[in-house]
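Architecture and fold: a report
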Amino acid sequence: MRKLEFKRLFYDKSTVISILIIVCLGMVSIYFSQAEKLNFINTLNQNYEDIDASRLLAVIESYNGMLYMLNFMYGDFGQIALLAQFLLVGIFYSPRIFEFIENGYENLIVVRTTYESHLKTLVYVQSKIIFLITFISYLLILALSFFIGGFATSFVIYGNFEIGVIMFIFVVLFQVSIISLLLILSNSITVFLSYKIKQKRLIQLTPILLFFLFPMILSSIFTKVFPPLAMVFNILIPWQVQSMVYQLSHENMKMLTFLTTLISLLIYFLLKKFWKRCNLKYYGENLI
Amino acid sequence: MKKISKNICYLFLSFIVIASTKTVMATNTWSDAKTYSLKATDGWKRGTLEGEWMGNLKTTNSNKYDVYTVSKTMWSNPQFRLVNSNNVAVSSTVTTAGEGRYVTGSGNTGTIGYAYYGSVKPAWNQVGNGRIKLQMKAK
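Below is a summary of the structure that appears in this document. Fair warning: this is a prediction, and the values are worked out from it, not measured in the lab. (Residues numbered from 1 in each chain as written. Chains lettered and ligands numbered in written order. Predicted model: local features only at pLDDT ≥ 70, side-chain atom pairs only at ≥ 80, totals over all residues. Heavy atoms only, no water.)

1. Overview of the overall build of chain B
We count it as follows: Numbering of helices and strands runs from the N terminus; a helix is a DSSP stretch of H or I covering at least four residues, while a strand is a stretch of E covering at least two. Per-residue accessibility, obtained with a 1.4 Å probe over protein chains only, is compared with the maximum for each type, and a residue is labelled buried under 20%, exposed over 50%, and partly exposed between these values. For this analysis, residues touch if any pair of their heavy atoms sits within 4.5 Å. Reported accessibility uses the Shrake-Rupley method at a 1.4 Å probe radius. Residues are deemed covered only where the shown protein chains occlude them.
Tallying secondary structure elements over chain B gives 1 helix and 8 strands in all. Along its sequence from the N terminus, chain B presents helices and strands in the succession α-β-β-β-β-β-β-β-β. In chain B, which comprises 139 residues, the proportion classed as buried is 50%. Summarising the internal contacts of chain B: among those between residues at least 6 apart in sequence, 76% fall at separations of at least 24. Put simply, chain B shows about 6300 Å² of open surface, and 53% of that area lies on carbon and sulfur atoms.

In structure tokens, the structure reads:
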């Protein structure tokens, strides 16, 4: 059943659309990195006396594939890509179990297996595909970065870090894992929560509304009224977790501050457990 | 799935270890704190609410610089870079930190003895207007 569901979902147009959108955003990010490099070349040609030409040359040379990829992962377009992924996951995957129940297909499935088993299979397969889409997209952007920016043979200075090739691979893999985890958790919560929402369009928008708009608006409101509460909502925004490595490499971050970033993941895990139990209880009693 | 979760836990642990061993060396002195008022639609901005540009002299050969966030009213973190007196970028861009923390930017191409200034741009996802009070070290 897992294999069948995997094939049905993975060889769907949604996979191609998702990968294309993320890669396009990656390409725009690469374009801006390239433009930034050209700006520095232009500055070098102006011969300003208060700019050290040799150091500027070193900065220009440091603009290679590795830096382009880092600029994407921790820059504006990486954040937009994450937002787009939340939206795409919501549109393509989150309402699936709700659709099965609505059109009566789930009744046919529970004849052969239990609802719990089918729900678990569906979430497992969706999680696997979310990871694969993120991995393939990032791999393609990485290839494009190296193709346009050139291969890096030395270290890239990134904030307080000097990132070599091995560290870079580790950082990219970590980023793919953390983004997949955020998406998997948000999708699972939305799937389990769908029995409460009961409207396809609203279920599709839930990952964006619940994980971005809701904490962003509350954080904006409480920044002016009650700053400590604003900080709590700020931590819940997925961009905070996404920028963990950036914060670690650029900030004088204290251990406690770093650990608070992980609190949001813990909260998402607990929410997932809670709504899963509620969902199973609800359909255990109401599904024929 | 359990194996993936286990691997992710190991990745987290590795980063926690890196974070705990990280030390930050701070030198030089901070500039006077200045407040930037930013609208979501603003581009790079050097002017502050106090009327003067925020800046200080470069005193070392370091290719880094620091920016300290004293306070801010927006939820997002604006971008920052160093510029010279002609408003030409002399460093790479860095995302400012949360309140009470500082970030270290790289690509500082300034020359010792010259003054450099801070230039700020709102984050792409800033909601409405906001103010940010910063201090910097051109190093």
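2. Examining the pattern of salt bridges
Residues and elements named next belong to chain A. Let me state the cut-off plainly: Salt bridges are counted wherever a side-chain nitrogen of Lys or Arg sits within 4 Å of a carboxyl oxygen of Asp or Glu.
Following the criterion strictly, the structure yields 9 salt bridges over all chains and no others. Linking arginine 96 and glutamate 5 is a salt bridge whose minimum nitrogen-to-oxygen distance equals 3.2 Å. Here glutamate 5 lies in helix α1 (residues 2–10) and arginine 96 lies in helix α6 (residues 96–102), a separation of 91 residues in the sequence. The burial state of arginine 96 is the same as that of glutamate 5; both residues are buried. Several salt bridges share partner residues, and in doing so they unite Glu5, Arg8 and Arg96 into one network.

3. A look at helix α5 (residues 76–92) of chain A
Residues and elements named next belong to chain A. Applied cut-off: A helix is expected to reach a length of 1.5 Å times the quantity of its residues less one.
Taking 1.5 Å per residue, 17 residues should reach 24 Å; α5 reaches 24 Å between its end C-alpha atoms and fits that length. Among the residues making up α5, those that are buried are Phe77, Gly78, Gln79, Ala81, Leu82, Ala84, Gln85, Phe86, Leu88, Val89 and Gly90. Those residues of α5 that are buried lie in contact with α2 (13–46), α4 (65–74), α8 (115–149), α9 (165–197), α10 (200–225) and α12 (238–242).

4. Let's talk about the side chain of A:Ser249
All names here are of chain A. Heads up, the condition is: Under the rule applied, a polar contact is a pair of N or O atoms within 3.5 Å (in protein, one hydrogen donor and one hydrogen acceptor; residues adjacent in sequence only if both atoms are side-chain atoms).
Here serine 249 lies in helix α13 (residues 244–250). When its relative accessible area of 0% is taken as the criterion, serine 249 is described as buried. Among the polar contacts made by the side chain of serine 249, one reaches the main-chain carbonyl oxygen of tyrosine 246 at a distance of 3.0 Å. Setting aside residues up to four positions removed in sequence, serine 249 forms contacts with Tyr158, Gly159, Asn160 and Phe161.

5. A look at the sheet that holds strand β5 (residues 94–95) of chain B
All names here are of chain B. Selection rule: In this description, strands pair whenever DSSP reports at least two bridges between them.
Ordered by their spatial adjacency, 4 strands build an open sheet running β2-β7-β4-β5, and the pairing between neighbours is antiparallel. Every interior strand has two partners, whereas the edge strands, β2 (55–57) and β5, have only one. Across 2 bridges, the pairing between strand β4 (residues 79–83) and β5 is antiparallel. Of the residues in β5, the one forming a bridge with phenylalanine 80 is valine 94.

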